[in-house]
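Observations on the three-dimensional arrangement
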Amino acid sequence: MNDGAGICCRPEPIIAKAGETVSLRLMSDLHIGASNVDYDLIKAELEDARKNNSRISFNGDVFDLILPKDHKRFSPDVLHPDLLGRRDVLNEAVRMAVKILKPYADLIDMIGVGNHETAVEKYHAADVTMMLIEELQRHTKHRIHYGSYLGFLDYRLKLKQANTIRGSRFVIFYYHGGGGSAPVTKGMIDFNRLQVMTQDADVIWIGHKHNRISSHIQTIRCPQEGDKPQMQNVLHLMTGAYYDTYQ
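Residues numbered from 1 in each chain as written. Predicted model: local features only at pLDDT ≥ 70, side-chain atom pairs only at ≥ 80, totals over all residues. Heavy atoms only, no water.

**Points about the overall build of the chain**
Threshold: Numbering goes from the N terminus for both helices and strands, where a helix is a DSSP run of H or I of at least four residues and a strand is a run of E of at least two. Within these notes, the globule rule equals 2.2 Å times the number of residues to the 0.38 power, and the radius of gyration is based on C-alpha atoms. Summary of the burial criterion: residues with accessible area below 20% of their type's maximum are buried, those above 50% are exposed, and those between are partly exposed, where the area comes from a 1.4 Å probe applied to protein chains only. This count recognises Lys and Arg as positive and Asp and Glu as negative, with His and chain-terminal groups excluded. Where a charge lies is defined by one atom per residue type, namely NZ (Lys), CZ (Arg), CG (Asp) and CD (Glu).
Within the chain, the secondary structure is distributed over 5 helices and 10 strands. Computed over the C-alpha atoms, the radius of gyration of the chain is 19 Å, within 12% of the 18 Å expected from 2.2 N^0.38 for a compact globule of 247 residues. Along the longest, intermediate and shortest principal axes, the C-alpha atoms of the chain span 65 × 40 × 30 Å. Taking all 247 residues of the chain together, 47% fall into the buried category. Of the charged side chains in the chain, 30 are positive and 30 negative; the average position of the first set lies 3 Å away from that of the second.

Here you go:
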C-alpha cells in the first residue's frame, strides 16, 4: 500500500524479448465526475492499452470535482448525472473512477495528483487520489504508485537476447502543469523552462492545459572520456483533452 506522494516512482521492471515493442500509455485530465467529458474516448484509449499490453500512468486531474462550495466555478450542470443530488459526491466520484479503471488496474503504474485533487484536499480534507489507489489496489497484486504533482517515472527495461539479459533505463519527468490554457503558445514555453532544470529525462510530460502535443529536441553533452559527444533525444509530450473545454 502507498503511504504518500513519491517524487521518484520506480515501477516493476519491464522484461521484453528481442524484437518486441514496449508500450506506455500516458494519460491526464480525465476529469471523471464532470458532465461534459468524453467517457467513450477514455474507455477506447484504455481498451487500446489493454490490447497492446501498455503500461498506464495518469498525470493528475483524474477527477473533476467542482463542488458546491467552489463559488467561482460550480453550477449544477457541471456534475455528471450519477453525482447530482447526492450528499456523498466525493465518495461516489471515487466509486465512478474505480468502475472505469478497475478492468485495467493490473496495467496501471502510477496515478498522480493535479490541481483538482489538491484543491479538494485543501478545502475538504480528502485525498481522493489515495482513496482511488487503495480501492484499485484491492483488485491487483501489481503495485500502483501514488505520484506527486511532479516527479519522475524511472522505468528499468530488461531485454532478453539469447542467453543474456541487457538492462537500460527510460526516464519520464512529469509535471501536471499550472497556469492558464495558453491559447497562443499551447504551453510550449513550459517545456522550455522544464528542459533547463531537468537532466537525463527521455520524456518531459505535462498535462493540465487540455492540449495534445508531441515534439522533441536533441541535447548534447561532453563525455567524461573520448571526443565523441553524447546525444540524447528528448520527447516533449502534453496529454489531456477528454474534457470539452468550450461546452
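**Some points on the pattern of salt bridges**
Convention followed: Any carboxyl oxygen of Asp or Glu that lies within 4 Å of a side-chain nitrogen of Lys or Arg is treated as forming a salt bridge with it.
By the definition in use, this model includes 16 salt bridges. Between arginine 25 and aspartate 48 there is a salt bridge; the shortest N-O distance is 2.3 Å. One end of the pair, arginine 25, is in strand β3 (residues 24-27); the other, aspartate 48, is in helix α1 (residues 39-51), with 23 residues separating them in the sequence. With relative accessibility at 31%, the residue aspartate 48 sits in the partly exposed group. For arginine 156, the salt bridge is made with aspartate 154, and the minimal N-O distance between the two is 2.8 Å. Among the ionic contacts, a cluster of salt bridges with common partners joins Arg10, Asp154, Arg156 and Arg169.

**A closer look at the packing of aromatic side chains**
Defined as follows: The rule is short: rings of Phe, Tyr and Trp, with Trp giving its six-membered ring, pair when the centres are within 6.5 Å, and they are stacked under 30 degrees, edge-to-face over 60, tilted in between. Lysine and arginine charges are scored as sitting over a ring when NZ or CZ, respectively, is within 6 Å of the ring centre and within 35 degrees of the ring normal.
By the definition in use, this model includes 3 aromatic pairs. It is arginine 212 that lies over the ring of tyrosine 242; its NZ or CZ is 5.0 Å from the centre.

**Things to note about unusual backbone geometry**
Within the chain, asparagine 53 stands out as a residue other than glycine whose phi angle is a positive 55°. By the element assignment, asparagine 53 lies in the loop between α1 and β4 (55-59). Despite not being glycine, histidine 210 has its phi angle at roughly 65°, a positive value.

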